[in-house]
Every structure is written in structure tokens, then in C-alpha cells.
Amino acid sequence: MIPYATQTIEEADLAAVRAVLTSGWLTQGPAVPQFEQAFAQVHQMRHACAVSNATAGLHLACLALGVGPGDWVWTSPISFVASANCALYCGAQVDFVDVELATRNMSVAALSEKLQQAKRLNKLPKVVIPVHFAGLSCDMAALRALADEYGFALLADASHAVGASYRGQPVGSQWADISVFSFHPVKIITTGEGGMVATNDAKLAAKLELLRSHGITRSAALMEAPPEGPWVYEQQDLGFNYRLTDIQAALGSAQLERLAAFHAQREALAANYPALLAGLGLVLPEVPKGYRSSWHLYAVQVPEQNGQTDRARVFHRLRELGIGVNVHYIPIHLQPYQRRLGGFGPGYCPNAETYYRGALSLPLYPTLRPEQQQEVAHALKQAISA
Ligand SMILES: *Cc1c(COP(=O)(O)O)cnc(C)c1O
């Protein structure tokens, strides 16, 4: 089976993990800040806070931005459920902004219209969570302008977008108040489980760090009362244990060193697909000028006729032929839990639903071989013409 995504583990990763295992620090040691600093540097950001996974990171980011009961948080329906759950953990209510068909990212026009309505109803969101789908940045300058006009915070779910860029700058470096990245094995770099919450705002960074570890500080400079001795730690807020281990951080640092190579490999492989898939009638992903995708996913759409697609049949046939395709994502607002909670249903985000009906993610990862891409294309031809 050719999977749709998989990690790339090399000797350098094994050496880094082996070294940390015998270093005396398995967690709360120096490998974590080393990884944070390297990550912040690559993304041209001032602060990066490593966390146990991106879901935990999104939760902390919402808390740091002050999300709580009575607040509204808006996100994109074409994402993993974690993009919405983070607001629910804080007691807020979630709503969805439809995507643009061309990019599958949050539509600026739809957001603008929804904000005008929300303003009249006095229900403006506290935080909006755009998602850089498949590694393609959202139009962050336009989203920033709306954030400033309407007074909400921008929390980017950059889980797919490690090392991607927008207007010549790394994703996260500007525009968003906070960006959250994932290191799950299917993503761009991996730590097994893991995530990073990055911001340029020192106050938000301090809050994130506190909440990541029980709301506790061990730094005398940050304490509310002068410490009686070096054993003193202060709990100043209700936090969690959302820490990344040193073992994971060492793996992350080793992976990060090969980020440019991973990108080049993904980009080259993505560039092979259009010629291989020509004539099949598939809608292929496009990268607009001024954007550089991290190519986390190669998501195509099986064409639609009279509101129906062949996607299910194509999906089954490809799986039978050993091609591990997947679907990203079932629109979040159509999940039973969200329907019950927010009264959402079909028709609420028509573009997201149209995209989903044809959505199919083809294999793409650094060690995928061009011959395997030919195999994917050959299988697709069989599946579609059958
Ligand atoms: C993977 C992913 C997450 C969750 O990441 P974890 O690290 O697995 O918690 C959140 N949002 C999106 C868009 C993702 O793809």
C-alpha cells in the first residue's frame, strides 16, 4: 500500500533521540528550548512554545487570547475537528465561515459578510481561526485587515504549514496573533505527537508557557511574592500538563534541519502530478502567486455531475489497487456533535460541502518515488474509467 502520507526518519533522527536518552534529561531539559529557538528562527518569530500536540496548542492559544463562556469563535469547516474543539474546551460557542473553492481556505468575502451581520446582531467573534489548508497560507493580509476593523484576534491553525510562506515570508511571522503547528507523523516534520504555538507577542508567550505547565512558574522574577527559597514555585493560574518531552524535541530539531530538503522534495513531487493526471477531469490544487505551499496534502476533487460525484467508488477502487488515498475533511459543521450543538446542517457552508463531495487526497510525502506517482495515476485512470 502506498500511503497518502508518512514520516521520514533517518539516521540523524535516531542519533538525536539516542543522545537525549542518555543525556540525563528526558523531559523539562535543554532540548525543548533548543527546539523552540530553532523553530522560531526558521519561522522568523520571536516566541515559540512547544506543546504535547497541536490540539493542546490550540486550546492554550484560545485561553491565552481570553476565550471563555459567552464568546464566539469562528473557524473553517474544511479542517480537522480540533480547530473547532479548542474553543469549546474554553466554554465558547463555535461558528463556521465557508471556504473559497479555489484554495479551500476561509473565504475573505464570506467572512466579511458574516462580520457585517454579526455586528448588527452584536455577536462579533472574539477569535477567528483560519486554517492553512494542505499547507497553503490563507490570505493573511486581508484577514488581518478585518481583524483590525472588527477587533477580533487571529489564531492561525498552521498545523499543515510548517515552513510554508506567504508574500515571501514564513507562515506565522506576521499577520496572525498566534500560529499553531502540528508534528503528528503525517505532517511536515514530526515528533511523534507534538506541536508548537508561536507568537511575536511577549505577553501571550508568557501566558502560553505558564498554562502549558499547570499554571506554575519557577522563575523568581515572575512570582507574585518574593520566594522563601529556591524550592518555591507558584501556581498563578489553572493550567495543564501539555509539555513536549526532550526526546520528542530532539527528534523535532533533527527533523527541522531537513525542512528545506523535505519542502524541495514535496514541491518537486507535487509538480509531477498535473501532467500525470491530465485528462482525468480532476480539479487539481493550485498555488496562487506570492504563496509557497508546504504541500502537506495533494488534495484533488473528483468532478461533480448533477450534484453527485463518483468519489466513493473511486476511493474504494484505489484502496483495492493499493493506493492509500484519504479524504480531508468531512466539513466540521456536518459532524453529529456540531449539528446538535450549533444547529448546523447541509447547506450551511455550500463551498465546503461541494469541495468535500469530490475530495480525495493522493499520496504525497518526501520519500514517495516518481514511479509510485505513475502507479497512482495509472490506478486513478482505471478507477475513473471503470
Ligand atoms: C493535525 C491537525 C490538528 C491536530 O494536530 P495534533 O498535533 O494531532 O493535535 C489540528 N488542526 C489541523 C488542521 C490538523 O491537520
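Just so you know, these numbers come straight off a predicted model, no measurement behind them.

(A) Representation of the side chain of S361 within the structure. Position of S361 relative to the elements: it lies in strand 18 (residues 359–362). For S361, the side chain forms a polar contact with the side chain of H328, separated by 2.7 Å. Excluding residues within four positions of it along the chain, S361 makes contact with Y4, L297, Y298, A299, V325, N326 and H328.

(B) Here's a closer look at the packing of aromatic side chains. Evaluation of the coordinates by the stated rule reveals 13 aromatic pairs. Between the aromatic rings of Y166 and W175, the centroid separation amounts to 6.0 Å while the plane-to-plane angle is 80°, which identifies the pairing as edge-to-face. Judged by its relative accessible area of 25%, W175 falls in the partly exposed class. Measuring from ring centre to ring centre gives 4.6 Å for Y273 and Y298, while their planes differ by 40°; the resulting arrangement is tilted. Separated by 25 residues along the polypeptide, Y273 in helix 9 (residues 259–276) and Y298 in strand 14 (residues 298–301) bring together distant segments of the chain.

(C) Representation of the pairing of strand 14 in the model. Here strand 14 shows a buried face lined by Y298 and V300 and a second buried face lined by A299 and Q301. The pairing of strand 14 with strand 18 spans 4 bridges and is classified as antiparallel. The residue of strand 18 that forms the bridge with Q301 is A359.

(D) Fine view of the site of the ligand. Residues in close proximity to the ligand total 15 residues, the closest being T55, D157, H160, S182 and K187. Within the side chain of S182, one N or O atom sits 2.8 Å away from an oxygen atom of the ligand. One of the side-chain N or O atoms of Y329 is found 3.1 Å from an oxygen atom in the ligand. Against a free-state accessible area of 380 Å², the protein chains account for coverage of 92% of the ligand.

(E) Molecular detail of the sheet that holds strand 9 (residues 178–182). The strand order across the open sheet formed by 7 strands is 2-10-9-6-5-3-4, and the pairing between neighbours is mixed. Whereas interior strands pair on both sides, the edge strands pair on one side only; in this sheet they are strand 2 (47–51) and strand 4 (93–96). Across the sheet, the mean angle separating the axes of adjacent strands is 20° when strand polarity is ignored. Relative to strand 10 (residues 195–199), strand 9 is paired through 4 bridges, and the arrangement is antiparallel. Looking at the pairing, V180 lines up with V197 of strand 10. Packed on one face of the sheet, helix 2 (residues 31–42) meets strand 2, strand 9 and strand 10 and runs near 130° to strand 2.

(F) Local environment of the packing of helix 9 against helix 13 (residues 370–385). Orientation of helix 9 relative to helix 13, taken along the N-to-C sense of each, is 35°, at an axis distance of 10 Å. The crossing of helix 9 and helix 13 is right-handed. On the side of helix 9, the interface is formed by L269, N272, Y273 and L276, while helix 13 contributes P370, Q373, Q374, V376, A377 and K381. Along the lines of polarity and charge, the residues of the contact of helix 9 with helix 13 split into 6 nonpolar, 3 polar and 1 charged.

(G) Spotlight on the side chain of T103. When you line up the elements, T103 lands in the loop between strand 4 and helix 5 (108–121). If sequence neighbours within four positions are ignored, T103 has contacts with F133, L136 and P288.

(H) Structural context of the pairing of strand 9. Burial within strand 9 is extensive, with 5 of its 5 residues counted as buried. Along strand 9, one buried face is formed by I178, V180 and S182 and the opposite face, lined by S179 and F181, is buried too. The sheet contact formed by strand 6 (residues 153–157) and strand 9 spans 3 bridges and is parallel. Bridge pairing in strand 9 links A156 to S179.

(I) Inspection of the sheet that holds strand 13 (residues 291–292) at higher detail. The antiparallel open sheet is built from 3 strands, whose spatial order is 8-7-13. Two strands in the sheet have a free side with no partner beyond their single neighbour: strand 8 (169–170) and strand 13. Bridge analysis of strand 7 (residues 165–166) against strand 8 gives 2 bridges, and the strand direction is antiparallel. Note on strand 8: the bridge partner recorded for S165 is P170.

(J) Highlighting the environment of K203. With respect to the secondary-structure elements, K203 resides in helix 7 (residues 202–212). Distance from K203 to L124, taken between C-alpha atoms, is 24 Å for residues 79 residues apart in sequence.

Conventions we followed
- Residues numbered from 1 in each chain as written.
- Predicted model: local features only at pLDDT ≥ 70, side-chain atom pairs only at ≥ 80, totals over all residues.
- Heavy atoms only, no water.
- Helix = DSSP H or I, 4+ residues; strand = E, 2+ residues; numbered from the N terminus.
- Polar contact = N/O pair within 3.5 Å; in protein donor to acceptor, adjacent residues only side chain to side chain.
- Contact = heavy atoms within 4.5 Å.
- Phe/Tyr/Trp six-rings, centres within 6.5 Å; stacked < 30°, edge-to-face > 60°.
- Buried < 20%, exposed > 50% of the residue type's maximum accessible area, 1.4 Å probe, protein only.
- Pairing = 2+ DSSP bridges.
- Near = heavy atom within 4 Å.
- Areas by Shrake-Rupley, 256 points an atom, 1.4 Å probe, with all protein chains shown as cover.
- Axes fitted to C-alpha atoms, helices over the stretch in contact; angles between N-to-C directions.
- Left-handed = near helix turned anticlockwise from the far one by under 90°.
- Nonpolar A, V, L, I, M, F, W, Y, C, P; charged D, E, K, R; others polar.

Purely geometric stuff here, so don't read any function into it on its own.
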